[in-house]
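What follows is the residue order along each chain.
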Amino acid sequence: WIRLGLKRPFASNTVASTLVDMNKLVDASDTELARYDECEAINFPNYALLRDTSGRIWLISGNEKRHIKNMQTFREFGFNMDEVEEVTDDDLKPYEDGRAITLETKYPQGMLLQDTKTKEVWYAEAGERRLIKNTSLLKLYFKNRKPKKVTQAALNALTIGEPYGLRDGELVKSSKNSAVYVIEYGKLRPIPNADTFESLGWKWKNVVTLPTAVLGDYPAGESVLLDQPSLRLAQTNE
């Protein structure tokens, strides 16, 4: 995973497949990868259960580790000790501390919810809900997942976060024109020409066509240049 001029190796394809779309890997030579400094490996899949040397159990969620407060909470959410992996404190260092998981925590592993009255769809995780404003995002990130229908009262029990958006590294274009962009830190970075696109190893089949209204939610960023580090997924030729 290439980000901020650093490369992080995935421990295995299994780990990678829980965090990224494996169809969007980019082939890269050893020489090209040597341009990037290497940092900690990504060792655990999303929602892995890990127990540290002091006996605390954590749930991995993206770049965060979330402490499960006690065994009553652990059992209440249907977790199984057979799924818990013993790790060292160093294994957990690359992860930021997220909100602890308690009996009051709602949807610790994420869920789609649909308001039975308004039909709005939300992504809920860790007691927070994020509006999915366009069905195109549902098709892109939640294919074949059906939202759970809930009442407005149930939704009101969750805090409202930022709307669910396009992920960093996504290649996108509007349905109204042919300009292609890459999403980086919530901005649309234009890719100036086909040569730049192909030189960075991106694949045209991975460009997602979206309604103009979706892309309109993102401010424009700087154009992508070949001599600047870009958000990428890289796979060695081994």
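Every chain is numbered independently, its residues counted from 1 as its sequence is written. For a predicted model such as this one, the threshold for reporting local features is a pLDDT of at least 70, and the threshold for listing and counting side-chain atom pairs is 80 or more; totals across whole chains, interfaces and linings nevertheless cover every residue. As a convention, hydrogens and water are excluded, and side-chain values are obtained from all of the structure's heavy atoms.

Caption draft 1: Up close: the pattern of salt bridges. By convention in these notes, a salt bridge is any Lys or Arg side-chain nitrogen within 4 Å of a carboxyl oxygen on Asp or Glu. This structure, assessed with the given rule, holds 7 salt bridges. Note that E170 and K24 form a salt bridge whose closest N and O atoms lie 2.3 Å from each other. With a gap of 146 residues between them, E170 in the loop between β14 (159-160) and β15 (171-174) and K24 in the loop between α1 (13-17) and β3 (26-28) connect regions that are remote in the sequence. A salt bridge links R56 to D52; its shortest N-O distance comes to 3.0 Å. Residue classification places R56 among the partly exposed positions, given a relative accessible area of 40%. A run of H or I in DSSP counts as a helix once it spans at least four residues, and a run of E counts as a strand once it spans at least two, with each numbered from the N terminus. For every residue, the accessible area obtained with a 1.4 Å probe (protein chains only) is divided by the maximum for its type, and the residue is called buried under 20%, exposed over 50%, and partly exposed between those limits.

Caption draft 2: Structural context of the sheet that holds strand β1 (residues 2-3). Across the sheet, which stays open at both edges, the 3 strands sit in the order β1-β2-β4 with mixed pairing between neighbours. Only two strands of the sheet have a single neighbouring strand rather than two, namely β1 and β4 (37-38). Between any two strands, pairing holds if DSSP finds at least two bridges. For β1 and strand β2 (residues 6-7), the ladder comprises 2 bridges, and the chain directions are antiparallel. Paired with R3 across the strands is L6, a residue of β2.

Caption draft 3: Summary view of the pairing of strand β16 (residues 180-184). Most of β16 sits out of view: 5 of its 5 residues are buried. By the alternation rule, side chains of β16 split into V180, V182 and E184 and Y181 and I183, which are all buried. Two elements, β15 and β16, share 3 bridges in a ladder whose sense is antiparallel. Along β16, the bridge assignment pairs L171 with V182. Between the end of β15 and the start of β16, which pair antiparallel, lie 5 residues. With 4 bridges connecting them, β16 and strand β17 (residues 187-190) associate as antiparallel partners. Paired with E184 across the strands is K187, a residue of β17.

Caption draft 4: Inspection of the pairing of strand β7 (residues 64-68) at higher detail. A large share of β7 lies buried, amounting to 4 of its 5 residues. Adjacent in sequence and paired antiparallel, strand β6 (residues 57-61) and β7 are bridged by 2 residues, among which G62 carries a positive phi angle near 65°. As paired elements, β7 and strand β9 (residues 96-97) share 2 bridges and run parallel to each other. Note on β9: the bridge partner recorded for E64 is E96.

That is the geometry; function is a separate question.
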